[in-house]
Amino acid sequence: MKVSETSSFWLIVLLYVSIHIVLHTLDFSSILEKRIEISTPASSFLRVKEGYYLYKKGIDPYEGVVFFQSPFILLLHTCLSVVSVPNFSRVLYPVADIVGATALRALLLCLKKQKRFTSWSVNGLCSLYLLNPLTIAASVAGSSDCVSNALTLIALYCAVVGSTAGLGCSIALVTFFNPFNCVYVLPLFLIAHKTTKKESTFSWKRCLFIDLEYTALLLLTSYLFLGSWKFLISSITSNFILQNLSVSLGLWWYFFIEIFETFRSFFLFVFAIHPFTYTLPVTIRLRKQPLTAFVVLVGVTGLLKSYPSIADLSLFVTLIHILDFGKSRLKFVFLAGNTLLYSLFLGPAFFQAWIYLGSGNANFFYAITLVYALAVALLVSDILRAALENEFYQEHPEFVGQKLLQVF
Amino acid sequence: MHLRSLRSIVSTVLLFALFFTKCTAESTHTNNWAVLISTSRFWFNYRHIANVLGIYRSVKRLGIPDDQIILMLADDIACNPRNMFPASVFGNADRALDLYGDDIQVDYRGYEVTVESFIRLLTGRVPENTPVSKRLLTNENSNILIYMTGHGGDEFIKFQDAEDLSAHDIADALEQMHQHKRFNEILFIADTCQANSLYKHIYTPNILAVGSSEVGTSSLSHHADTDIGVAVIDRFTFYNLEFLETRVDIKSRLTLKDLFDSYDVNLIKSQPGVRTDLFHRDLSQVLITDFFGNVRDIELNAYENVSFLQESSPENKLTVFSPANDTGIVYPRATSSNTQNDTAELLTSSSILGDSKIHKFSPFLALLTVFLFPVLLLRSKR
C-alpha cells in the first residue's frame, strides 16, 4: 500500500504528538523546563506562568524583572488558560511546532515545484524538524522559542510563496516576538522578490507598509491588553541590558559576569550590535541566493543572541537542508555535526559537575559552550564558503570540476 | 438613659478593651536576632561551648538565619588536640548529633570574645572597620535572644579566664540599647553559677530575663562523656534544649510559660529564676518562636470593610464591627467577605502597588484583533 505524502506527514505529526504525550505523562516537562540549555530567561515557561499570575492579580507583569518576553506569548497563554484543565496552555507549544512543520512542508513543496529543493524528501525534512530531540525537548519544556521558530517558518513560507500581506504580517510577528529576530528579516524580502520576479505580485514597499501597520496594531493591542507601555521597554531592552545573567548556552553570560562596571555598557553595545552587523553584508553579498543568506543569518542569530537555546539550533539544523546549492558542497558537516553532538552531551555533564556535584567550575561548562559556538560558527562559515563557491561556479562554468583554492 | 445608648457605651468600652488587650498581647516585632556567647575557654569547659552550640542549632532550626545570629565562642574545642573526635562537638554522650558540623558561622572567636567586644556589640559602638557579620544590626522592631553561658558568680560572669563582666554593665548596656532603639524585646538567658544575680540590676523595660540558678548556688553539669573525658552539657541548658528539640518546631504555638513551667527543680538541681517585672506581656501569650525563631503572623486580607479601629491598630487581626446596629453586641469578625474568596488574594491593585492598574481589555478580544488583521488582509488580496 502506497502511503501518500500527505498522510505520511500526518503520521509524523501523530508520532510527534504521541511522543509528547508519553513525555508529559512521565513528567519530563518539570525536569526539562529547569534545564538551562532549553529554557532561558527569555523563553522560560515558568516565567510565562509568573507573568500570567501577576496579570491575573492585576499587576503589570513587566514591572518586575522576572518576565520580559513578548506580550504575544502572554496573550496566547491567557487565552488558553481559560480552559479549566490544569496547565492546558502547554498545548500551545506542540501546536506551534506542528504549525511550524506544516509551514515547513508547504514551503518545501513550493521549493520543490520550483526545483530548488532536491536533496531530501519533503517529509524527511519535516520529520527532521518535528522528531528532532532538540525540538521535542524545547516544546516539552515549554520554551517560547518554539513559537518563535514557528513564526520564522511561517515568514519563510510567505516569502517563498511571495505573498505580500502574509510576509508583512509574519515579519511583524517575528520581530515583535524577539528583537534579535530582526537579524534575519532582510533576506526574506529578497526571497519574496526573487520568487515572484515573473509575476511581480510582490511589492516590497507594500510589504514594509503592512509590516509597520501590523506592528503598530500589535503594540496597540498589547497596550490595551496590559494597560501600560512598560512591556515595550521591558521586552526590548531586557534582551540587551542583560540584567539577568543566568547561565545559558550562549556567549554573553560568562563575559558579563566578569566584566568591570566601567566597561559594561561598552561591551553590551558591542555584543548587542554584533549580530545585526551581519545582516546587511551577508544579504548584499548573497543577494543572488537569498535563501542561503536567510539560513546563514538564522545561524548567526542563534549563535550570537543574548539567551540562545537548543530550539535555535533545531531550526538551524533543519534549515541547512534548504540551501540554494546542494548540501554536498558543505565540507565540514561531519566535523561540525560531531562537535555539536559532543558539546550537547558534555555540556549538561559539566553543568552537573559544576552546580550539583561541586567538583567542576563555571569554566568547564563555558568551555563546552564555546565548543558549541565553534560548531555552529563552523557550519555558518562553511555555508558561506559553499555559497560563494556555488556563485563562482555559476558565473564561471568553465571551472566546474577543477579544485578551487582560496588565496587570501 | 436609653438602653440603646447604654449598650453602645458598653460595646464601645468593650471594643477599646479588646483593642487594648490585642495590642499588648500580640508581638510587634518584625525580625529576630540572637546573641549567643560562651565566655569560657579551655578543654575542661567543653560543656559551655556545647551549651551555646545546642542553642545555636535550635535557633537556626526555628528559622533565624546565620546573618542574624552573633555567635561568640572561644572555639578551641573542636580542633583541640585533646578532642578524640576532631572537628566535632557533642552535647550528649550518645554523640548522635554533631553540634559543630560544617556550616556553623562563628562571628567572634578566640580572644575576640572579650567584655569590651561584647558591650560594643550590644550597644552598636563597634570600631569602624568591623565587618557586617560582627555587628548587631537590629532596630526597634527586633526581638533579641541573648544567651550567655560560662563561669559566673554573684553579679559577675567570667570572660576567658581574664576579666569579668558585671551585672551593672549588662544593665547599662541594655539600657543604652533601649535609648538607641535597638530592640523591641529581649529575652536574656544566663546559664552560669549564680546566674540569677546577673539580671538583678536590669532597669530597662521590655526585657525578660532567665537565670539558671539562685545566688549562692551553682549550676550543675548534666553528664560527662567517658571518651571525651569531660562534662558535655549543663543541666539547665540540657532541659531547655530537650523542650525545644522535642516540642517546638517553627509552627509551634507553645509559649514561654510552657517552657518555664517545664523546669523541674529536681532535674535541673538548681533553682532557675525568671524576671518578669520589666516585661509587659503576659508570658502565656509570648510564643517561644517570638525569641527562638523567626516567625511572624502575616495578614492576607485586603483592608476593606475596615472599622474605625483598624486604622489605629494595623496589626490587629480581628476586625471589630462598629456598633451601628441595634443589638449592641460586639462580635469580632474577620474581614469575612474576603475569606470567602481566595484567601491568598493579595492586595488589590488600588493598594500598595500604586497605580499599575490593568485594563481588562479582554485577552480574547486582543487575540481576535491580532489574528483578524492578517486574515482580512489575505482575504482582500484574493
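Residues numbered from 1 in each chain as written. Chains lettered and ligands numbered in written order. Predicted model: local features only at pLDDT ≥ 70, side-chain atom pairs only at ≥ 80, totals over all residues. Heavy atoms only, no water.

**Observations concerning the overall build of chain B**
The number of helices and strands found in chain B is nine helices and 14 strands. Looking at chain B as a whole, 48% of its 382 residues qualify as buried. Restricting to contacts in chain B with at least 6 residues of sequence separation, those with at least 24 account for 72%. Carbon and sulfur atoms make up 56% of the accessible area of chain B, which amounts to about 18,700 Å² in all. (Helix = DSSP H or I, 4+ residues; strand = E, 2+ residues; numbered from the N terminus. Buried < 20%, exposed > 50% of the residue type's maximum accessible area, 1.4 Å probe, protein only. Contact = heavy atoms within 4.5 Å. Areas by Shrake-Rupley, 256 points an atom, 1.4 Å probe, with all protein chains shown as cover.)

**Focus on the overall build of chain A**
Per the secondary structure count, chain A includes 19 helices and zero strands. Relative to its 408 residues, chain A shows a buried fraction of 58%. Taking contacts inside chain A between residues at least 6 apart in sequence as the whole, the part at least 24 apart equals 74%. Counting only carbon and sulfur atoms, one obtains 70% of the accessible surface of chain A, whose full area is about 17,700 Å².

**Digging into the nonpolar core**
By size, the foremost hydrophobic cluster in this structure holds 127 residues, and its most contacted members are L156, L167, L188, L319, I322 and I383 of chain A. Judged by nonpolar contacts, the second largest core, of 54 residues, contains A50, I64, V106 and Y147 of chain B. (Core = buried A, V, L, I, M, F, W, Y, C linked by side-chain atoms within 4.5 Å.)

**A few points about the packing of helix α8 (residues 145-161) of chain A against helix α9 (residues 164-177) of chain A**
All names here are of chain A. Orientation of α8 relative to α9, taken along the N-to-C sense of each, is 155°, at an axis distance of 8 Å. For the element pair α8 / α9, the angle class is roughly antiparallel. Relative to α9, the crossing made by α8 is left-handed. Side by side, α8 and α9 meet where V147, S148, L151, T152, I154, A155, C158 and A159 of the first sit next to G166, L167, S170, L173, V174 and F177 of the second. (Axes fitted to C-alpha atoms, helices over the stretch in contact; angles between N-to-C directions. Parallel < 35°, antiparallel > 145°, perpendicular 65-115°, else oblique. Left-handed = near helix turned anticlockwise from the far one by under 90°.)

**With respect to the sheet that holds strand β4 (residues 142-149) of chain B**
Residues and elements named next belong to chain B. Strand order in the open sheet made by the seven strands is β3-β2-β1-β4-β8-β9-β12, with mixed pairing throughout. This sheet does not close on itself; its edge strands, each paired only once, are β3 (108-109) and β12 (273-275). Where strand β2 (residues 69-73) and β3 come together, two bridges link them in parallel fashion. Bridge pairing in β3 places L73 opposite R109. The sheet strands contacting helix α2 (residues 46-61) are β1 (31-38), β2, β4 and β8 (185-191), and the helix crosses β2 at an angle near 165°. Sheet contacts for helix α5 (residues 235-247): β4, β8 and β9 (207-211); angle to β8, the most-contacted strand, approximately 130°. (Pairing = 2+ DSSP bridges.)

**Focus: the side chain of N239 of chain A**
All names here are of chain A. Tracing the sequence through the fold places N239 in helix α12 (residues 230-241). The class of N239 is buried, set by a relative accessible area of 4%. Among the polar contacts listed, one links the side chain of N239 to the backbone oxygen of S235, at a separation of 3.2 Å. Setting aside chain neighbours within four positions, we find N239 in contact with A42, F68, N178, P179, F180, W252, S306 and Y307. (Polar contact = N/O pair within 3.5 Å; in protein donor to acceptor, adjacent residues only side chain to side chain.)

**What to know about the sheet that holds strand β5 (residues 152-153) of chain B**
All names here are of chain B. Strand order in the open sheet made by the three strands is β5-β6-β7, with antiparallel pairing throughout. At either end of the open sheet lies a strand with only one pairing partner, and these are β5 and β7 (163-166). As defined by bridge partners, strand β6 (residues 156-159) adjoins β7 across four bridges and the pair is classed as antiparallel. Following the sheet pairing, F159 is matched in β7 by E163. Across the sheet, helix α3 (residues 115-123) lies against β6 and β7, angled at about 35° from β7, the strand it touches most.

**Some points on the pattern of salt bridges**
Tallied over the entire structure, the rule returns 22 salt bridges over all chains. Between K257 of chain B and D261 of chain B there is a salt bridge, and its shortest N-O distance comes to 3.1 Å. In this pair, K257 of chain B and D261 of chain B both sit in helix α6 (residues 256-261), four residues apart, roughly one turn of the helix. Via salt bridges that share partners, D145, K305 and D312 of chain A belong to a single interconnected network. (Salt bridge = Lys/Arg side-chain N within 4 Å of Asp/Glu carboxyl O.)

**Some details on the packing of aromatic side chains**
Residue and element names in this part refer to chain A. In the structure shown here, the tally under the stated rule is 43 aromatic pairs over all chains. Between the aromatic rings of W253 and Y254, the centroid separation amounts to 5.6 Å while the plane-to-plane angle is 90°, which identifies the pairing as edge-to-face. Overall, W253 belongs to the buried group, its relative accessible area being 3%. Taking the relative accessible area as the measure of exposure, Y254 reaches 19% and is therefore buried. (Phe/Tyr/Trp six-rings, centres within 6.5 Å; stacked < 30°, edge-to-face > 60°.)

**Some thoughts on the environment of P61 of chain A**
Residues and elements named next belong to chain A. Along the polypeptide, P61 turns up in the loop between α3 (45-56) and α4 (71-80). Along the chain, P61 and V48 lie 13 residues apart, while their C-alpha atoms are 9.3 Å from each other. Among residues more than four places away in sequence, those in contact with P61 are G51, L54, Y55, F67, L74 and L226.

**Brief notes about the environment of H48 of chain B**
With respect to the helices and strands, the residue H48 of chain B is situated in helix α2. Taking the C-alpha atoms as reference points, H48 of chain B and D234 of chain B, separated by 186 residues in sequence, lie 7.5 Å from one another.

**Describing the side chain of T318 of chain A**
Residues and elements named next belong to chain A. Within the secondary structure layout, T318 lies in helix α17 (residues 310-319). On the basis of relative accessibility, which here comes to 2%, the residue T318 falls in the buried class. In this structure, T318 is in contact with L104, L125, L128 and Y129, ignoring residues within four places of it in sequence.

**Re the UniProt feature "transmembrane region" (unreviewed entry) in chain A**
All names here are of chain A. As recorded in UniProt, the sites labelled "transmembrane region" (unreviewed entry) are residues 6-26, 65-85, 122-142, 154-186, 207-226, 306-325, 332-357 and 363-384. End C-alpha to end C-alpha, residues 65-85 measures 28 Å, and it is 48% helix and 0% strand. Summarising residues 154-186: 70% helix, 0% strand, and an end-to-end C-alpha distance of 15 Å. (UniProt positions renumbered as here; feature names shortened; annotations may be inferred.)

**Here we look at α2 of chain B**
An α-helical turn contains 3.6 residues, so a residue and the one three or four places further along point in the same direction. The end-to-end C-alpha distance of α2 of chain B is 22 Å, a good match for the 22 Å that 16 residues give at a rise of 1.5 Å each. Counting buried positions over the 16 residues of α2 of chain B gives 14, a clear majority of the element. (Expected span 1.5 Å × (residues − 1).)

**Structural notes on helix α19 (residues 362-395) of chain A**
The terminal C-alpha atoms of α19 of chain A lie 49 Å apart, and with 34 residues this matches the ideal 50 Å at 1.5 Å per residue to within 8%. Two or three places before N363 of chain A, at the start of α19 of chain A, stands the capping residue N361 of chain A, its side-chain oxygen 2.9 Å from that residue's backbone nitrogen.

**Looking at the environment of E5 of chain A**
Residue and element names in this part refer to chain A. Here E5 lies in helix α1 (residues 5-25). Through-space distance from the C-alpha of E5 to that of N123 is 7.2 Å; in sequence the pair is 118 residues apart. In this view, E5 contacts R105, L109, V122 and N123; residues no more than four positions away in its chain are not counted.

**Brief notes about unusual backbone geometry**
For D161 of chain B, which is not glycine, the phi dihedral falls at a positive 65°. With respect to the helices, strands and loops of the structure, D161 of chain B is situated in the loop between β6 and β7.

**Regarding a nonpolar patch on the surface**
Together, V22, L26, F28 and I31 of chain A make up an exposed nonpolar region whose accessible area comes to about 360 Å². Note on placement: F28 of chain A falls in helix α2 (residues 28-32). (Patch = residues over 30% accessible without salt bridge, like charges linked within 9 Å, V, L, I, M, F, W, Y side chains within 5 Å.)

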